[in-house]
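Below are the chains, spelled out letter by letter.
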Amino acid sequence: MDNLRQDIRQGLRVLKRDPVFTAVALLTLAIGIGANTAVFSVVNAVLLRPLPYDEPERIVRLGEERDALRGLQGTAVITNDTFLALQDEAEALEHLAGYRPAAYTLTGQGEPVRIDGAAVSPSMFPLLRATPFMGRVFASDEDREGADRVLVLSHTSWEQRFQSDAGIVGRVLTLDDTAYTVVGVMPPGFYFPDRDAELWTPLTVSSPTPRPGALMIMAFQALARVQPGVSDDQARVEAQTLLQQLHDGRSGPLTRLGLPTLTLSSLQEEMVGESRPALYALLAVVGFVLLIAVANLANLLLARGAAREREMALRTALG
């Protein structure tokens, strides 16, 4: 321990004696280490931990294509007909939930403000395995027509807009001139579908045939959590087979839309797929910059050692 203290004191004296060399060495290391730290933070957030949910690799986005609706909706949305069929029958899917990004006008809290949020199925929070920080999430029957209007706040919104009000649960807020009761607050760090969402309301998925001869098609985005041990392809094949069976045994206006073709895509891969090569290339570049910085510092130390060769020889002679 004494030797370590002596070495540290000696090193500090040497650095203090040549401040120019010390500044150049520290700047060289700071550039290399700083660049790598910054880029690795981005890679960690985007590639290694892109989603703040448990087992995100099992979360998939569902989409469908129908010949009768081609051009009106893409593969990233699903209709209420398909959603309700899969929700009841698809065994390969642990959870299925729909959502629509939305914007709400909040009034009664000073000046009216526009707030980003989303309408989500009550099953969305169990799908994401998200538990509330305060209160509760939506009950399974709160998405039906005529149910009480309720909402869940994000932690950021609760802190910033409502000053961390401990009595926020049960409070009534006015969104788009409609009264909603706050039933819960989500934990810090949770977001869905993006970081701008400040609140969630229940999404009502209506039956496509509310009365005989009628046809009401809704289109919205949907996520599912695949059962453990089931691949995405297996889940897609099972769901497609199920829809085929339902379609073949059905008559009425829905058959005119044609059989939908389902798509399942990994939500995690969807978010990082296009950026993965660029980020890995950037990480390699800054890693090379760090190697250059270390090599330059080594050269500086070698040059400094050569300049002090006579001093080192004298020190060795004196013991």
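Placed above this text is the structure.
What this report covers is the structure whose coordinates are included nearby. (Residues numbered from 1 in each chain as written. Predicted model: local features only at pLDDT ≥ 70, side-chain atom pairs only at ≥ 80, totals over all residues. Heavy atoms only, no water.)

### A few points about the pattern of salt bridges
Here's step 1: Applying the stated rule across the entire model yields nine salt bridges.
Here's step 2: Between D54 and R129 there is a salt bridge whose closest N-O contact spans 2.6 Å. In this pair, D54 is assigned in the loop between α2 (19-48) and β1 (59-65) and R129 in the loop between α4 (124-128) and β5 (134-135), connecting sequence segments 75 residues apart.
Here's step 3: Accessibility expressed as a relative area gives 40% for D54, which makes it partly exposed.
Here's step 4: Notably, a salt bridge pairs E142 with R136, separated by 2.8 Å at the nearest N-O pair.
Here's step 5: Residue E142 is classed as buried on the basis of its relative accessible area of 13%.
Here's step 6: By sharing partners, the salt bridges in this structure join D54, E55, R58, E94 and R129 into a single network. (Salt bridge = Lys/Arg side-chain N within 4 Å of Asp/Glu carboxyl O. Helix = DSSP H or I, 4+ residues; strand = E, 2+ residues; numbered from the N terminus. Buried < 20%, exposed > 50% of the residue type's maximum accessible area, 1.4 Å probe, protein only.)

### Considering the packing of aromatic side chains
Here's step 1: Evaluation of the coordinates by the stated rule reveals nine aromatic pairs.
Here's step 2: Consider the rings of F125 and F190, whose centres lie 6.2 Å apart with planes at 45°: the pair is tilted. Taken together, the positions of F125 in helix α4 and F190 in the loop between β8 (178-185) and β9 (199-202) put the pair 65 residues apart, joining distant regions of the chain.
Here's step 3: The buried category is assigned to F190, whose relative accessible area is 10%.
Here's step 4: Consider the rings of F125 and W200, whose centres lie 6.0 Å apart with planes at 85°: the pair is edge-to-face. Separated by 75 residues along the polypeptide, F125 in helix α4 and W200 in strand β9 bring together distant segments of the chain. Just as F125 is buried, W200 falls in that class too.
Here's step 5: Taken together, the ring pairs connect Y53, F125, F138, F190, Y191 and W200 into an aromatic cluster. (Phe/Tyr/Trp six-rings, centres within 6.5 Å; stacked < 30°, edge-to-face > 60°.)

### A look at the environment of H247
Here's step 1: Position of H247 among the secondary structure elements: in helix α6 (residues 232-248).
Here's step 2: Sequence separation between H247 and P260 is 13 residues, and the spatial gap between their C-alpha atoms is 9.3 Å.

### Description of the layout of surface pockets
Where empty space is left in the structure can be found by rolling a water-sized probe over the atoms.
Here's step 1: Its volume calculated, the largest pocket comes out at about 250 Å³.
Here's step 2: R149, Y180, T201, P202 and T204 are the residues nearest the centre of the largest pocket, which is lined by 17 residues in total.
Here's step 3: Elements with a contribution of two residues or more to the lining of the largest pocket: β3 (93-107) and β9.
Here's step 4: The element contributing the most residues to the lining of the largest pocket is β3, with three residues.
Here's step 5: When its volume is computed, the second largest pocket comes out at roughly 180 Å³. (1 Å grid on protein atoms, 1.4 Å probe; cavity = no way out; pocket = protein on both sides within 12 Å on 5 of 7 lines; lining within 4 Å. Points joined across faces, edges and corners; volume = space filled by probe spheres on them.)

### Here's the deal with the pairing of strand β4 (residues 113-120)
Here's step 1: Strand direction decides the pairing type here: β3 and β4, joined by eight bridges, are antiparallel. Note that in β4 the partner of Y104 across the bridge is I115.
Here's step 2: From the end of β3 to the start of β4, which pair antiparallel, there are five residues, and G108 there has a positive phi angle of about 85°.
Here's step 3: Across four bridges, β4 lies against β9 in parallel orientation. Note that in β9 the partner of A119 across the bridge is T201. (Pairing = 2+ DSSP bridges.)

### A few points about unusual backbone geometry
Here's step 1: With an omega dihedral of -10°, the bond running from F192 to P193 counts as a cis peptide bond.
Here's step 2: Along the polypeptide, P193 turns up in the loop between β8 and β9.
Here's step 3: A positive phi is found at R129, a non-glycine position, where the angle reads about 55°.
Here's step 4: For R129, a relative accessible area of 35% corresponds to the partly exposed category.
Here's step 5: With phi around 55°, S164 is a residue other than glycine that occupies positive phi space.

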